[in-house]
Amino acid sequence: MNGMILVALLYLSYTLSYISRKNIVFLAPHLMSHGFTKADLGASQSAFTACYLVSKLSSNIVCTWAQPRIILGIGVTAAGVINLIAGLLGSPQYLWALWGLNGLFSGMCWPPIGKIVVSTFPEHQRGKIWSFMTTSMNLGATLSPLLV
């Protein structure tokens, strides 16, 4: 695969992952107008953070022996599906559980990108690629309120 295409796909993947984990912040006023409390939203964010941490640590380990492209694909796809399902359910308890799952799958996205970049590109190109890849977070943070 062409290196530029690969970098573009990795960039898109992480941008989408970032959008899927930041959108609840912008949905909070809407959710609160539909009966969710600040405690409900705080609990869902706590579930996300705890699961994200576990996933980020374990994904680094799994990436040493598993196919990073598969891990990344599962993480981005599952996080997107969970976001769609979360929008259809109206219960705070479901949101806690789904947002925890979202944390598990969102945490699977950055470690495989690192493994792919390190195993695909020569050392002298990695600095430029990393600096470009880190802007995907900024793009995701910018697009998230526009898409919600």
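Here the structure is a predicted model, which means the values were calculated and not measured.

All right, on to the overall build of the protein chain then. Of regular secondary structure, the protein chain possesses seven helices and zero strands. Mapped in sequence order, the helices and strands of the protein chain form the string α-α-α-α-α-α-α. Compactness check: the protein chain gives a C-alpha radius of gyration of 16 Å against a globular reference of 15 Å for 148 residues, within 12% of the reference. Expressed as a percentage of its 148 residues, the buried residues of the protein chain come to 41%.

What follows deals with the packing of helix α1 (residues 3-33) against helix α4 (residues 92-106). Two numbers describe how α1 lies on α4: the axes approach to 9 Å, and their chain directions differ by 155 degrees. Taken together, the axes of α1 and α4 are roughly antiparallel relative to one another. Crossing angle aside, the handedness with which α1 passes α4 is left-handed. Facing α1, whose interface residues are S17, S20, R21, N23, I24 and L31, α4 presents L95, W99, N102 and S106. For the contact of α1 with α4, the per-class residue count stands at four nonpolar, five polar and one charged.

This part takes up the packing of aromatic side chains. This model, assessed by the stated rule, comprises six aromatic pairs. Between the aromatic rings of Y14 and Y18, the centroid separation amounts to 6.4 Å while the plane-to-plane angle is 45 degrees, which identifies the pairing as tilted. Within this pair, Y14 and its partner Y18 are both found in helix α1, separated by four residues, close to a single helical turn. Of the residues examined, Y18 reaches a relative accessible area of 14% and is grouped as buried.

As a further point, take the nonpolar core. Membership of the largest hydrophobic core comes to 28 residues, with the highest contact counts inside it found for L10, Y14, L72, L95, I113 and M133. Broken down by secondary-structure element, the contributors of at least two residues to this core are α1, α2 (38-62), α3 (68-88), α4, α5 (110-120) and α6 (123-133). Contact partners of L95, with chain neighbours within four places excluded, come to I24, L31, F36, L41, S44 and A86.

The next subject is α5. What sets the pattern is the α-helix's 3.6 residues per turn: residues three or four places apart point alike. Inspection of α5 places W110, P111, P112, I113, G114, I116 and V117 among the buried residues, and these make up the whole buried set. Contacts from the buried residues of α5 go to α1, α2, α3, α6 and α7 (135-147).

This part is about a nonpolar patch on the surface. On the surface, V81, I85, L88, L89 and Y94 cluster together into a nonpolar patch covering about 490 Å² of accessible area. In terms of residue count, α3 provides more of the nonpolar patch than any other element does, three residues in total. As for its position among the elements, Y94 is in helix α4.

Quick notes on the rules
Residues numbered from 1 in each chain as written. Predicted model: local features only at pLDDT ≥ 70, side-chain atom pairs only at ≥ 80, totals over all residues. Heavy atoms only, no water. Helix = DSSP H or I, 4+ residues; strand = E, 2+ residues; numbered from the N terminus. Rg over C-alpha atoms; globule rule 2.2 N^0.38 Å. Buried < 20%, exposed > 50% of the residue type's maximum accessible area, 1.4 Å probe, protein only. Axes fitted to C-alpha atoms, helices over the stretch in contact; angles between N-to-C directions. Parallel < 35°, antiparallel > 145°, perpendicular 65-115°, else oblique. Left-handed = near helix turned anticlockwise from the far one by under 90°. Contact = heavy atoms within 4.5 Å. Nonpolar A, V, L, I, M, F, W, Y, C, P; charged D, E, K, R; others polar. Phe/Tyr/Trp six-rings, centres within 6.5 Å; stacked < 30°, edge-to-face > 60°. Core = buried A, V, L, I, M, F, W, Y, C linked by side-chain atoms within 4.5 Å. Patch = residues over 30% accessible without salt bridge, like charges linked within 9 Å, V, L, I, M, F, W, Y side chains within 5 Å. Areas by Shrake-Rupley, 256 points an atom, 1.4 Å probe, with all protein chains shown as cover. Salt bridge = Lys/Arg side-chain N within 4 Å of Asp/Glu carboxyl O.

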